[in-house]
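# A structural walkthrough
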Amino acid sequence: SSLDESPDESAETEGLDEAQASRIARLVRDLVDKKVPVAAKGEGGRKVARACRYEDIALLFKSSASQNLVERQFRLLDIPYTAVATAGVIPGCAGT
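Residues numbered from 1 in each chain as written. Predicted model: local features only at pLDDT ≥ 70, side-chain atom pairs only at ≥ 80, totals over all residues. Heavy atoms only, no water.

A word on helix H1 (residues 18-33). Helix length check: H1, at 16 residues, gives a terminal C-alpha distance of 22 Å against a target of 22 Å (1.5 Å per residue), a fit within 8%. Of the positions making up H1, those classed as buried are Gln-20, Ala-21, Ser-22, Ile-24, Ala-25, Val-28 and Val-32. Its buried side turned inward, H1 meets helix H2 (64-76). Between a side-chain oxygen at the N-terminus of H1 and the backbone nitrogen of Ala-19 the separation is 3.1 Å; the capping residue is Asp-17. Directly after H1, the chain includes Lys-35, whose backbone phi takes a positive value near 50°. (Helix = DSSP H or I, 4+ residues; strand = E, 2+ residues; numbered from the N terminus. Expected span 1.5 Å × (residues − 1). Buried < 20%, exposed > 50% of the residue type's maximum accessible area, 1.4 Å probe, protein only. Contact = heavy atoms within 4.5 Å. Polar contact = N/O pair within 3.5 Å; in protein donor to acceptor, adjacent residues only side chain to side chain.)

The next point concerns the environment of Arg-53. Mapped onto the secondary structure, Arg-53 falls in the loop between strand S2 (47-51) and H2. A sequence separation of 18 residues divides Arg-53 from Lys-35, and the C-alpha atoms of the two residues are 7.9 Å apart. Among the polar contacts made by the side chain of Arg-53, one reaches the side chain of Glu-55 at a distance of 2.9 Å.

Right, dumping it as structure tokens:
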């Protein structure tokens, strides 16, 4: 189900809306701007904490329409991103 979707909403509302896409973009921006600690490999392969960077974040989308909404919000907030289009990577999700 999508973010903040109530249980009684129909299956036709499975994609993100503009407000949800905006919240995702703001969350990504906050993780980086607030330097939220993430685990990373340090010297000798040891796990160390460091500030979150944009390249630490990955998003998976159920539909290209949802992806397009989030990409638009990323552009509005000047958040760098790389998009990779694939289909059927997760079993049972092909054709959605």
